[in-house]
Amino acid sequence: MKNDILLRAARGEETERVPVWMMRQAGRILPGYRKIRERVKDFQELVKTPELACEATIEPVNLLGVDAAIIFSDILVVPEAMGLDYQMLESRGPIFEKTIQTQKDIDSIRIGSTENWNYVVEALKLTRKELNERVPLIGFAGSPWTIFAYMTEGKGSKTFSVAKRMLYSNPEMAHALLDKITQTTVKYLKDQVNAGAQIVQIFDSWGGILSPESYEEFSLPYIAKICDELSKLVPVIAFPKGAFFSAKAIAKLNCNAISLDWTVDPAEARQLLPGKVLQGNLDPCVLYAEHAVIKAKTHKMLEQFGSKKYIANLGHGVYPDIPMDNVKFFIDTVKQYQSK
Ligand code: 1CP
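The notes below deal with the structure included here.

Definitions and limits used
Residues numbered from 1 in each chain as written. Predicted model: local features only at pLDDT ≥ 70, side-chain atom pairs only at ≥ 80, totals over all residues. Heavy atoms only, no water. Helix = DSSP H or I, 4+ residues; strand = E, 2+ residues; numbered from the N terminus. Buried < 20%, exposed > 50% of the residue type's maximum accessible area, 1.4 Å probe, protein only. Areas by Shrake-Rupley, 256 points an atom, 1.4 Å probe, with all protein chains shown as cover. Lys, Arg positive; Asp, Glu negative; His and termini not counted. Charge placed at Lys NZ, Arg CZ, Asp CG, Glu CD. Near = heavy atom within 4 Å. Polar contact = N/O pair within 3.5 Å; in protein donor to acceptor, adjacent residues only side chain to side chain. Pairing = 2+ DSSP bridges. Contact = heavy atoms within 4.5 Å. Axes fitted to C-alpha atoms, helices over the stretch in contact; angles between N-to-C directions. Salt bridge = Lys/Arg side-chain N within 4 Å of Asp/Glu carboxyl O. Expected span 1.5 Å × (residues − 1). Bend = angle between axes of the 7 residues up to and from the residue. Disulfide = S-S within 2.5 Å.

Moving on to the overall build of the protein. Each helix and strand counted, the protein has 15 helices and nine strands in total. Projecting the C-alpha coordinates of the protein onto the three principal axes gives extents of approximately 60 × 45 × 35 Å. Expressed as a percentage of its 340 residues, the buried residues of the protein come to 57%. Carbon and sulfur atoms form 49% of the exposed surface of the protein, whose accessible area is close to 14,200 Å². Measuring between centres, the 42 positive side-chain charges of the protein sit 2 Å from its 41 negative side-chain charges.

Taken together, the neighbourhood of the ligand is formed by 24 residues, with Tyr-33, Asp-74, Tyr-150, Ser-205 and His-316 sitting nearest. One of the backbone nitrogen or oxygen atoms of Ala-26 is found 2.8 Å away from an oxygen atom of the ligand. In the environment of the ligand, a nitrogen atom lies 2.6 Å from a nitrogen or oxygen atom belonging to the side chain of Asp-74. For the ligand, the accessible surface in isolation is 890 Å², of which the surrounding protein chains cover 87%.

Ordered by their spatial adjacency, seven strands build an open sheet running β1-β4-β5-β6-β7-β8-β9, and the pairing between neighbours is parallel. Edge positions in the sheet fall to β1 (69–70) and β9 (310–314), since each has one partner strand and no second. Here five bridges tie strand β5 (residues 199–204) to strand β6 (residues 236–240), and the two strands are oriented parallel to one another. The partner of Val-200 across the bridge, within β6, is Val-236. Of the strands in this sheet, β4 (137–142) and β5 are in contact with helix α10 (residues 171–195), which crosses β4 at around 170 degrees. Strands in contact with helix α14 (residues 291–305) are β8 (277–282) and β9; relative to β8, the strand with the most contacts, it is inclined by about 160 degrees.

What follows is about the side chain of Lys-241. Structurally, Lys-241 is set in the loop between β6 and α12 (247–250). Within the buried core, Lys-241 has no salt-bridge partner, and the shortest N-O distance to an opposite charge, that of Asp-261, equals 5.7 Å. Apart from residues no more than four positions distant in its own chain, Lys-241 is found in contact with Asp-204, Ser-205, Gly-207, Gly-208, Asp-261, Trp-262 and His-316.

Below, the discussion takes up helix α4 (residues 50–64). The end-to-end C-alpha separation of α4 is 22 Å, in line with the 21 Å expected for 15 residues at 1.5 Å each. At Ile-58, α4 shows its maximal kink, close to 25 degrees; a proline, Pro-60, follows between one and four residues later. Most of α4 is tucked away, with eleven of its 15 residues classed as buried. For α4, the complete set of buried residues consists of Pro-50, Leu-52, Ala-53, Cys-54, Ala-56, Thr-57, Ile-58, Glu-59, Pro-60, Val-61 and Leu-64. If you follow the buried residues of α4, they end up packed against α2 (31–39), α3 (43–47), β1, α7 (118–131), β4 and α15 (324–336). In the segment just after α4, Gly-65 is the residue with positive phi, at about 70 degrees.

Counting across every chain of the model gives zero disulfides. Cysteine Cys-227 shares no disulfide, and the gap to the nearest cysteine sulfur, in Cys-255, comes to 4.6 Å. On the basis of relative accessible area, Cys-227 is assigned to the buried category, the value being 0%.

Below, the structure written as structure tokens:
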């Protein structure tokens, strides 16, 4: 492989410089992506057409020079594979036709298998071939709790009160659903690895709306199961967004790396997550500022994390209206940095 520094850093090995990539790098900030979107009816058609998903995955490698590609897809492939159809509404997000509220609803959905996500398998195979070993390919899935939140709410939410209501009022049922999602996600990620994903990230985007006690009962144990299965195969990055309150428990995950959001202090993360590779955590909004500010904040972050066991990234996905030039400047700043 021509550039494998992300894989080496994720395994905890020393690298000649810090690797860098961004969550949501394959998407709306890029001109080619906007053109691809014009060619399809909707977001799902893009996700389900391997040639287009491949094109969207590789564009940031060419334009931004990132050290990894992340397969163009969505965490909502999993609920759909289990039998819940959704629509992605322009600038409003996903809407599910049916939601899960009762044990009968849980019984009615299936544990997904390869035929339900074959388009992702094909997209990964094609992308590995097209990347031609230039940079590693990242596979991903949502955490079971984050998928549970979409399945019970039927859409995004500020409070996720419908999802949380089930945790408190019917914990057994919640666990039954989480277990079914977990079984599906393990199969899904194993298929991604077999199709060519060389590292996987688990996005727990809504972990931070739980209390430490409920996080450690309803989210972390299921992420742990996925880590146990997948880390036998490839390096695993867990992204417990907003859930650093449970850092001590997160440190016990059987994964290589933890991705941090911008609310986390690097020194504290080093202390509470000993041995883990850390990834993150620049506030994406820094990239709205002028170059001098981006450079200063990026250098500060690099100094604070140090050059070992570290992958530079944002604290969450890049926003669609951030100028591409600033995004590129951030990537270049990391790549040119010489640690003292
Ligand atoms: O083209 C468009 O307008 C659709 C916008 C878009 C894109 C580009 C969506 C809709 N998904 C994606 C791609 C996507 N989603 C990737 C691609 C690869 C990359 O990162 O470059 C990834 C990793 C995701 C993962 C994802 N989807 C997450 C977890 C990461 C995060 O940002 O927290 C979540 C929560 C989703 C759900 C989702 N997908 C899209 C929307 C609008 C939403 C809802 C977000 C919400 O509820 O607020």
